[in-house]
Amino acid sequence: RFRGVVIALACIATAYGVLVTLRSKLDVFPEFAPPQVIVHTATPGLSPEEVESLVTRPVENGVSGAGSIESIRSQSIQGLSVVTAIFREGTDVMRARQTVSERLVEFTDELPDGVRAPVLDPLTSSTSLVLALGLPSRERSPMELRTMADWTVRPRLLAVPGVAKVIEFGGDVRQIQVQVRPERLLAHGLSVRDVVSAAREATGIRGAGFIETENQRIPIRTEGQSLPAEDLGESVVAASSNGRLRLKDVARVTDGPEPRIGDAAVNGEPGVLLLVWGQYGSNTLEVTDAVEAALAELKPSLDASGVHLEPRLFRPATFIEQSIRNVSLSMLLGGVLVAVVLFLFLFNLRTAFISITAIPLSLLSAVAVLDAFGATLNTLTLGGLAIAIGALVDDAIIDVENIFR
């Protein structure tokens, strides 16, 4: 009786469903972890026991007063303290981060000298790893590989919209190392503090002011941080009537690797592994496509440097694409089978057409309902929709057949 109204409502539902589907967030799994805030504190030189008593406990005590906290976990290892504050389900994670950040400011000055200020981990979800890529090379040393990853690949990936952080493993982090010779210090009556002070002054950047002339003001710029190891060795530690004592006279000044905490291998070869994490609530498929486009821009320069790029060691977006293909195939097969069955049994094109349109209309309506409840399109929801097509086809055939009969 009201076929015009029904068709209009179906068209509106279809248009809205398509719009929601195009802007829906795609992820591998739904968010299953409660809201949490992770606090990292670098503690160079401290043992695990010292990290626990001097850093981890004060951070725990400072964070524990934040509202809606359900539990606190912590790890204390050599040189690093990690405190994880877990909040009650339903807590606004942005407000939780702001509360924890305000708490950290209050007791940062109470931490021991040499301990860096606590920092919050970038906001990510439990399933926001979007890509794992590797940089193996037989032509480049581990230090050259890590330098390229630190100064070329990582900054480019962090500039991609939707990327929260990039974690690196493997390779050697380059340092200018001053390896003190104790016997030389004793012979010249110097201490380690004198060597540290000389190295710090030689590599530091300080404002040097300006020179005022009658016609112009000339700023003075200091250059120190880009010194090679050989130039740093020429820095003066002490001066006397007998001459100047340089760093290289009391220590070995050389380029060396930072002590490793972990390592990485890419397809059995030494290399650098990079894990790219997306921002909280980002679209995994869109972020993955943007990251891969950035890697495609970097590939020519990496190939020219003798570095091979392995861009898809782990790619969660593949699971999403496979799930979408499965749902599309199920919908296509369901529609074809419905049309064949109804046409063969009823010999009526109108009934077949009605049943075929019920499948995409129902799926689009389901996506709209999921979006209204804040659910993402992930492998679980897409798998559920693929299974539900069986019941949907059954209803479409039986209902239409009975109405027609």
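Refer to the preceding data block for the structure.
None of these values were measured; they are calculated from a predicted model.

How each quantity is defined
- Residues numbered from 1 in each chain as written.
- Predicted model: local features only at pLDDT ≥ 70, side-chain atom pairs only at ≥ 80, totals over all residues.
- Heavy atoms only, no water.
- Helix = DSSP H or I, 4+ residues; strand = E, 2+ residues; numbered from the N terminus.
- Rg over C-alpha atoms; globule rule 2.2 N^0.38 Å.
- Buried < 20%, exposed > 50% of the residue type's maximum accessible area, 1.4 Å probe, protein only.
- Contact = heavy atoms within 4.5 Å.
- Areas by Shrake-Rupley, 256 points an atom, 1.4 Å probe, with all protein chains shown as cover.
- Expected span 1.5 Å × (residues − 1).
- Bend = angle between axes of the 7 residues up to and from the residue.
- Polar contact = N/O pair within 3.5 Å; in protein donor to acceptor, adjacent residues only side chain to side chain.
- Core = buried A, V, L, I, M, F, W, Y, C linked by side-chain atoms within 4.5 Å.
- Phe/Tyr/Trp six-rings, centres within 6.5 Å; stacked < 30°, edge-to-face > 60°.
- Lys NZ or Arg CZ within 6 Å of the ring centre and 35° of its normal.
- 1 Å grid on protein atoms, 1.4 Å probe; cavity = no way out; pocket = protein on both sides within 12 Å on 5 of 7 lines; lining within 4 Å.
- Points joined across faces, edges and corners; volume = space filled by probe spheres on them.
- Nonpolar A, V, L, I, M, F, W, Y, C, P; charged D, E, K, R; others polar.
- Pairing = 2+ DSSP bridges.
- Axes fitted to C-alpha atoms, helices over the stretch in contact; angles between N-to-C directions.
- Patch = residues over 30% accessible without salt bridge, like charges linked within 9 Å, V, L, I, M, F, W, Y side chains within 5 Å.
- Salt bridge = Lys/Arg side-chain N within 4 Å of Asp/Glu carboxyl O.

1. Topic: the overall build of the chain
Item 1. The number of helices and strands found in the chain is twelve helices and 15 strands.
Item 2. Its C-alpha atoms give the chain a radius of gyration of 31 Å, more than 25% over the compact-globule value 22 Å for 405 residues.
Item 3. Overall size of the chain, expressed as C-alpha extent along the three principal axes, is 115 × 55 × 55 Å.
Item 4. Sorting the 405 residues of the chain into buried and exposed places 36% on the buried side.
Item 5. Within the chain, counting contacts between residues at least 6 apart in sequence, those at least 24 apart form 74% of the total.
Item 6. Summed over its atoms, the accessible surface of the chain is roughly 23900 Å², and 57% of this surface lies on carbon and sulfur atoms.

2. So, helix α12 (residues 379-404)
Item 1. With 26 residues, α12 should reach 38 Å at 1.5 Å per residue; the first-to-last C-alpha distance of 37 Å fits that figure.
Item 2. Bending of α12 peaks at approximately 30 degrees at the position of Ala388.
Item 3. Along α12, the positions that sit buried rather than exposed are Thr379, Thr381, Leu382, Leu385, Ile389, Leu392, Val393, Ala396 and Val400.
Item 4. Buried residues along α12 sit against α10 (317-346) and α11 (349-372).
Item 5. If you check the start of α12, you find a side-chain oxygen 3.0 Å away from the backbone N of Leu380, and it comes from Asn378.

3. Regarding the nonpolar core
Item 1. Counting residues in hydrophobic clusters, the biggest one holds 23 residues, and the most contacted among them are Leu133, Leu135, Leu157, Val276, Val291 and Leu302.
Item 2. Ranked by the residues each element gives to this core, the list is headed by helix α9 (residues 284-304), at six residues.
Item 3. Residues in contact with Val276, not counting those within four places in the same chain, are Ser128, Leu129, Val130, Leu131, Leu133, Leu157, Val163, Lys165, Val166 and Val291.
Item 4. Core analysis: the next-biggest nonpolar cluster, separate from the first, contains 21 residues, Val28, Leu285, Ile320 and Ile389 among them.

4. A closer look at unusual backbone geometry
Item 1. In this model, Asn267 sits at a positive phi of 55 degrees, which is unusual for a non-glycine residue.
Item 2. Summarising the element assignment, Asn267 is placed in the loop between β13 (265-266) and β14 (269-278).

5. What about the packing of aromatic side chains?
Item 1. Tallied over the entire structure, the rule returns one aromatic pair.
Item 2. Taking the centre distance of 6.4 Å and the plane angle of 55 degrees together, the rings of Phe314 and Phe319 count as tilted.
Item 3. The ring of Trp277 is capped by Lys165, whose NZ or CZ atom sits 5.4 Å from the centre of that ring.
Item 4. The ring of Phe210 has Arg217 lying over it, and the distance from NZ or CZ to the ring centre is 4.2 Å.

6. Concerning the layout of surface pockets
Item 1. Space inside the second largest pocket adds up to approximately 550 Å³.
Item 2. Looking at the second largest pocket, it is lined by 16 residues, and the ones nearest its centre are Val6, Ile7, Phe353, Ile354 and Thr357.
Item 3. Contributions of two or more residues to the lining of the second largest pocket are made by α1 (3-23) and α11.
Item 4. Classifying every residue of the lining of the second largest pocket gives twelve nonpolar, two polar and two charged.

7. A closer look at the pairing of strand β6 (residues 163-169)
Item 1. A large share of β6 lies buried, amounting to five of its seven residues.
Item 2. Looking at chain direction, β6 and β14 are connected through six bridges and run antiparallel. Within the sheet, the bridge partner assigned to Glu168 lies in β14 and is Leu274.

8. What about the sheet that holds strand β2 (residues 69-77)?
Item 1. The four strands lie next to each other as β2-β3-β1-β4, forming an open sheet whose pairing is antiparallel. Unpaired on one side and paired on the other, β2 and β4 (119-120) mark the two borders of the sheet.
Item 2. Bridge analysis of strand β1 (residues 36-42) against strand β3 (residues 80-87) gives seven bridges, and the strand direction is antiparallel. Along β3, the bridge assignment pairs Gln36 with Ile86.
Item 3. Across the face of the sheet, helix α3 (residues 93-107) comes into contact with β1, β3 and β4 while running at roughly 30 degrees to β1.

9. So, the side chain of Asn283
Item 1. Here Asn283 lies in the loop between β14 and α9.
Item 2. Here Ser24 takes part through its backbone oxygen, which lies 3.2 Å from a polar atom of the side chain of Asn283.
Item 3. Aside from chain neighbours lying at most four places away, what touches Asn283 is Ser24, Lys25 and Leu26.

10. What to know about α11
Item 1. In a regular helix each residue adds 1.5 Å, so 24 residues correspond to 34 Å; α11 covers 35 Å between its end C-alpha atoms and thus fits that length.
Item 2. Packing partners of the buried residues in α11 comprise α1, α10 and α12.

11. Here's the deal with a nonpolar patch on the surface
Item 1. Together, Leu329, Leu332, Leu333, Val336, Leu337, Val340, Val341, Phe343, Leu344, Phe345 and Leu349 give the surface a local cluster of nonpolar side chains, amounting to about 1100 Å² of exposed area.
Item 2. For the nonpolar patch, the element with the highest residue contribution is α10, accounting for ten residues.
Item 3. Following the sequence through the fold, Val340 ends up in helix α10.

12. Regarding the pattern of salt bridges
Item 1. For the structure on display, the rule yields 20 salt bridges.
Item 2. The partner of Arg156 in a salt bridge is Glu297, with the nearest N and O atoms 3.0 Å apart. Placement of Arg156 in helix α4 (residues 142-158) and of Glu297 in helix α9 is noted, with a sequence separation of 141 residues between them.
Item 3. With a shortest N-O distance of 3.5 Å, Arg246 and Asp249 are connected by a salt bridge.
Item 4. The exposure class of Asp249 is partly exposed, given its relative accessible area of 22%.

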